[in-house]
Amino acid sequence: MYVAVKGGETAINNAHKLLADRRRGDRDVAALTLSQIKEQLSLAVDRVMAEGSLYDRDLAALSIKQARGDIIEAVFLLRAYRTTLPRFGYSLPVDTGEMKIERRISATYKDLPGGQMLGPTFDYTHRLLDPELVEDEAAGEPETREPDAGHTQRVSYILANEGLIEGDGKNGHGAEVPGDITRTPTEFPMNRDERLQSLSRGDEGFLLSLAYSTQRGYARSHPFVGEIRIGEVDVEIEVPELGFSVPVGRVQVTECQMVNQFQGSAKVPPQFTRGYGLVFGQLERKAMAMSLCDRALRARELGEDIVAPAQDEEFVIAHADNVQATGFVEHLKLPHYVDFQAELGIVRQMRREYAERNDAVSEMIKEAAE
Amino acid sequence: MNIQADYNFAYLDEQTKRMIRRAILKAIAIPGYQVPFSSREMPMPYGWGTGGVQVTASIIGPDDVLKVIDQGADDTTNAVSIRAFFAKVARVQTTTHTGEATIIQTRHRIPEEQLREGQTLVYQVPIPEPLRFLEPRETETRKMHALEEYGLMHVKLYEDIATHGHIATTYAYPVKVEGRYVMDPSPTPKFDNPKMHMSEALQLFGAGREKRIYAIPPFTDVVSLDFDDHPFEVQKFDKPCAICGAEAVYLDEVILDDRGKRMFVCSDTDNCESRQAAGHRGELSGMEAAQ
């Protein structure tokens, strides 16, 4: 009834109360602690930090708890908090060559300086449900060894020594000032630094599917995993008063260097090109998908034909953000009855006109027959 | 863990407000032109009016009186939610009366009561680009605006006439602002388009997800696109409002039972209530009172 649309305020308050109740669930079950989420759902925490563009395990864990495990909702909570923070500046480029490596693999070499290190991977597990995990099982102590001190050469440098692969390139702004997609409105075409930022916070599922599409022939780029490495890197900022850089902390990142074929052009001899992925936390799938998408999106720069969705910058970047996507898709559940009324009116009018036309036609046929 | 619990007046920090005000000033200087701005994530989802909320947050002061409507009504859930948001973060006075408000944030309607000088109407905009459904690429549509190349839009309207005998766009009906930019009035029914023309109030449009702000300054020429032989016309309703008897206002259709019984009532709840208070009655107002 007409009166039913009233009382929105009470309805909202009651909905919030019920939500809080459902989030907590059965009171006889102990409440989740943030450290449980941080320690035991750490890959979910990583994903929320990566797509929320905020490296803070505590807040990511809190947002996962508050969102009842809905990852996109958790990303949104973190983003909405992040946007209120002041920006002090930007760090120096992190040196992933100096990474404290926990996992590092290359698919292009059997062995290489620094070695292959599987690290904590699902890769060779058999996906059999483990009944021992039903209870609080005792996990054994892992094998560890002292990390190699210092630099572990990146595969891209090995190839670069022979000139076989393109260099690191420059950022598109001339001076060494990185763009910031959170402070400047999106404009197409984008520079690669801004594009990489967008991909790094983009939705894992969306980028995964696009990356998959390139492997199935929609913008094939003959990719090889030059290297994936996961570990902690120092973040340093330059302090003008001091005249040198100081570390402000360490973050765990996953870096993927994809090596792709390139036939060469009139100006450039044949060489390998690169697709790059870098994300917060241990997110190998995301880093790999990102590097495939990055490579596909370089089609224009490399003079390749743009024939597939993954190569289309406006299409990919404008739709990769899951906070934006979920907002706009879900806003359809807000009331639209004013617009719908307008549409009802026109459809009724058009049906009336249709019926009148048909009547007129059958009248004519009747007259012609008589 | 240190989470800042207190927010700045009207939520946004002053630097962000300054950035948005600059965009608003540019938008006012170039009526109908979509100004890119670096929209922030807001504590409500994209699609819930984040653009309008950012515009309101940037222009609101402690002395302002805020009204928020959605579908013309003050009591729809999202209007309630946004009003509560500003009451909380800006502690401003709120109202449901159009005449009392200095800022009115709206989704999908323009109030029936004529707005006056000094009032600002803030629209929540989902897709600011009127050409978007004709050309999905931003790089192309910006070029089309720059070159004033609006032929495609006229072809679309013409095709409507060729197919249906009349223009079949009923809401988000495109307008031309001050003889230059074709603009999307946001998904208001075309019924409201004439109210934008030469309005005494300032009209600001915020699209958060799409990161665009545009404006119609007071006393600006706003013309709904049409053809000489198919002039623009607004929706007409067969009956007046069943509750207050108002004519020439926009009505909502309310289904009364499962046998097709329905009534038409004012979409603008404030206007309807003011009329009832002034003694106006519609054919079903007795029934409404009886419930």
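Basis of the calculations
- Residues numbered from 1 in each chain as written.
- Chains lettered and ligands numbered in written order.
- Predicted model: local features only at pLDDT ≥ 70, side-chain atom pairs only at ≥ 80, totals over all residues.
- Helix = DSSP H or I, 4+ residues; strand = E, 2+ residues; numbered from the N terminus.
- Buried ≥ 20, exposed ≤ 12 C-beta atoms within 10 Å, placed from the backbone.
- Contact = placed C-beta atoms within 7 Å.
- Expected span 1.5 Å × (residues − 1).
- Nonpolar A, V, L, I, M, F, W, Y, C, P; charged D, E, K, R; others polar.
- pLDDT = per-residue confidence, 0-100.

Another point: the overall build of chain A. When its secondary structure is counted, chain A shows 13 helices and four strands. Structurally, chain A occupies a C-alpha span of about 100 × 70 × 55 Å along its principal axes. Buried positions account for 29% of the 370 residues belonging to chain A. Summarising the internal contacts of chain A: among those between residues at least 6 apart in sequence, 63% fall at separations of at least 24.

A word on helix α1 (residues 8-24) of chain A. Here α1 of chain A spans 24 Å end to end across 17 residues, near enough to the 24 Å set by a 1.5 Å rise per residue. The buried fraction of α1 of chain A amounts to one of the 17 residues, a small share that puts the element mostly on the outside.

What follows covers the environment of Gly52 of chain A. Tracing the sequence through the fold places Gly52 of chain A in helix α3 (residues 42-52). Contacts of Gly52 of chain A, omitting those with residues within four sequence positions, involve Ala60, Val75, Leu78, Arg79 and Arg82 of chain A.

Residues and elements named next belong to chain B. Burial of helix α2 (residues 50-59) is extensive: nine of the ten residues sit out of reach of the surface. Of all the residues in α2, the buried ones are Thr50, Gly51, Gly52, Val53, Gln54, Val55, Thr56, Ala57 and Ser58. The elements touched by buried residues of α2 are α1 (14-29), α3 (77-89), β4 (103-107), β5 (120-124), β8 (202-207) and β9 (212-216).

Facing 40 residues of chain A, the contacting portion of chain B comprises 45 residues. Examining the composition of the side of chain A that touches chain B, we find that eleven residues originate from one element, helix α13 (residues 337-369) of chain A, more than from any other. In terms of residue class, the side of chain A that touches chain B is made up of 19 nonpolar, ten polar and eleven charged.

Looking at chain B, pLDDT values average 93 and 96% of them are 70 or higher. Predicted as a complex, the structure gets a pTM of 0.90 and an ipTM equal to 0.86.

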